[in-house]
Amino acid sequence: MKRINYIIIGLISLGLLALELVWTRIFSAEFFYTYAFLILSLSVLGLGLGALAVNLFSFLRKDLSISISLAIAAIFSIIAPILAFQIELDFTGAFQDWGQIFKVFLVVLLLSSTYFFAGISLAALFKQNPERMPKMYMFDMIGAGFGLIIAVVCMNSFGTNNLVPLCSVPIIISALLISRKWLKVLPL
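Residues numbered from 1 in each chain as written. Predicted model: local features only at pLDDT ≥ 70, side-chain atom pairs only at ≥ 80, totals over all residues. Heavy atoms only, no water.

## Things to note about the overall build of the protein
In plain terms, the rule: For helices the rule is a DSSP run of H or I covering at least 4 residues; for strands it is a run of E covering at least 2, with both sets numbered from the N terminus onward. A 1.4 Å probe rolled over the protein chains alone gives each residue an accessible area, and that area as a share of the maximum for its type sets the label: buried under 20%, exposed over 50%, partly exposed in between. Calculation of accessible area relied on Shrake-Rupley with a 1.4 Å probe; when residues are assessed, cover is drawn exclusively from the protein chains displayed.
A count of helices and strands for the protein gives seven helices and zero strands. Helices and strands appear in the protein in the N-to-C order α-α-α-α-α-α-α. Buried residues in the protein amount to 46% of all 188 residues. Entry remark: accessible area of the protein is about 9900 Å², with carbon and sulfur atoms responsible for 71%.

Here it is as structure tokens:
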């Protein structure tokens, strides 16, 4: 296993946990505090479905798929919250008519997409090197821990809404690190 993959795993976790914390704060402030748990559920769902996809489709385990998945995850981490707010979902009557149910489905799909594509990348990296699992998991936890600390400090210093696009930076960097030549254009 390349040593750079440990850093990539740490950067992915840093970005994902920071994004999860930022979205949790936004949802609890903008809507109802009970919807803050929606973000936690969507992140776990997305990561789990991404890992399942890697298990079902072997082509997702290749480096090319990992770099493309990371680039797509970075793109969705920026545009998903913007699109989710443009949908204008009324959380007070989320299940009163079919239009609102469709909007709930769209918001769930949008917000879990970042985690789905990042989950593909993480699962593929873990699947490629099962003998290095303890060390990879250590970098995963270190990245997640730093992501939470950085997110809390930055939210309190710069404001939560300003932090949303910055959470994609570690994911973009990890996509650049793993991408080969011409594929470096995609994350940029």
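## Observations concerning the packing of helix α2 (residues 36–56) against helix α4 (residues 98–128)
Selection rule: To get an axis, a line is fitted to the C-alpha atoms, and for a helix only the part in contact is used. The angle between two axes follows their N-to-C directions and goes from 0 to 180 degrees. Small angles under 35 degrees read as roughly parallel and large ones over 145 as roughly antiparallel, with 65 to 115 read as roughly perpendicular and the rest as oblique. Crossings are classed by handedness, with left-handed meaning an anticlockwise turn of the near helix from the far one by less than a right angle and right-handed meaning a clockwise turn. Note on contacts: a residue pair qualifies if any of its non-hydrogen atoms lie within 4.5 Å across the two residues.
Contact geometry for α2 and α4: axes closest at 6 Å, N-to-C directions at 45°. If you check the angle between α2 and α4, you find them oblique. Relative to α4, α2 is oriented so that their crossing is right-handed. Of the residues in α4, those in contact with Leu38, Ile39, Leu42, Ser43, Gly46, Leu47, Leu49, Gly50, Ala51, Ala53, Val54 and Asn55 of α2 are Val108, Leu111, Ser112, Tyr115, Phe116, Ala118, Gly119, Ile120, Leu122, Ala123, Ala124 and Lys127.

## Regarding the layout of surface pockets
Definition in use: As defined here, a cavity is a set of points on a 1 Å grid over the protein atoms alone where a 1.4 Å probe fits but cannot get out. A pocket is an open set with protein on both sides within 12 Å along at least five of seven lines, and residues line them when an atom is within 4 Å of a point. Grid points are joined across faces, edges and corners, and a volume is the space filled by probe spheres set on the points. Asp, Glu, Lys and Arg are counted as charged, while Ala, Val, Leu, Ile, Met, Phe, Trp, Tyr, Cys and Pro are counted as nonpolar; the rest, among them Gly, fall into the polar class.
Approximately 250 Å³ is the volume attributed to the largest pocket. In terms of lining, the largest pocket is formed by 17 residues, of which the most central are Ser13, Leu16, Leu47, Leu122 and Asp140. Of all the secondary structure elements, the ones that give two or more residues to the lining of the largest pocket are α1 (4–30), α2, α4 and α5 (133–158). It is α4 that contributes the most residues to the lining of the largest pocket, five residues altogether. Here the residues of the lining of the largest pocket are counted per class, giving twelve nonpolar, three polar and two charged.

## A few points about the confidence of the model for the protein
To keep things clear, this is the line we draw: For every residue, the predictor states its confidence as a pLDDT score lying anywhere from 0 to 100.
Counting all residues, the mean pLDDT for the protein is 83, and 89% of those residues have values of 70 or more. When mean pLDDT is taken per element in the protein, α5 scores highest with 89 and helix α6 (residues 160–163) scores lowest with 78.

## So, the nonpolar core
As a reminder of what qualifies: Throughout, nonpolar core names a set of buried Ala, Val, Leu, Ile, Met, Phe, Trp, Tyr and Cys residues whose side chains join them through atoms within 4.5 Å.
Of all hydrophobic cores here, the largest spans 46 residues; its most connected members are Ile12, Val22, Trp23, Leu70 and Leu111. If you list the elements that add at least two residues to this core, you get α1, α2, α3 (63–86), α4, α5 and α7 (169–178). The biggest single contributor to this core is α4, with twelve residues. In this structure, tryptophan 23 is in contact with Ile39, Ser77, Ala80, Pro81, Leu111, Thr114, Tyr115 and Val164, ignoring residues within four places of it in sequence.

## Let's talk about a nonpolar patch on the surface
The criterion, for reference: Patch membership requires more than 30% relative accessible area and the absence of a salt bridge. Residues of like charge join within 9 Å; the nonpolar side chains Val, Leu, Ile, Met, Phe, Trp and Tyr join within 5 Å. Each salt bridge in this description consists of a side-chain nitrogen of Lys or Arg and a carboxyl oxygen of Asp or Glu lying within 4 Å of one another.
Taken together, the side chains of Ile4, Ile7, Leu166, Val169, Ile173 and Leu177 define a hydrophobic patch exposed on the protein surface, amounting to about 450 Å² of accessible area. Looking at the nonpolar patch, the elements that each hand over two or more residues are α1 and α7. The greatest single-element share of the nonpolar patch, amounting to three residues, is contributed by α7. Relative to the assigned elements, valine 169 resides in helix α7.

## Description of the side chain of serine 69
Tracing the sequence through the fold places serine 69 in helix α3. When residues no more than four places from it in sequence are discounted, the contact partners of serine 69 are Phe117, Ile120 and Ser121.

## Focus: the packing of α3 against α4
For any two helices packed against each other, the geometry comes down to the angle between their axes and how far apart the axes lie. Interhelical geometry of α3 versus α4 gives an angle of 160° and a closest axis separation of 8 Å. Between α3 and α4, the interaxial angle falls into the category roughly antiparallel. In terms of crossing hand, the pair formed by α3 and α4 is left-handed. Packed against α3, whose contacting residues are Asp63, Ile66, Ser69, Leu70, Ile72, Ala73, Phe76, Ser77, Ala80, Pro81, Leu83 and Ala84, the element α4 presents Val107, Leu110, Leu111, Ser113, Thr114, Phe117, Ala118, Ile120, Ser121, Ala124, Leu125 and Gln128 at the interface. Of the residues contributing to the contact of α3 with α4, the split by class is 17 nonpolar, six polar and one charged.

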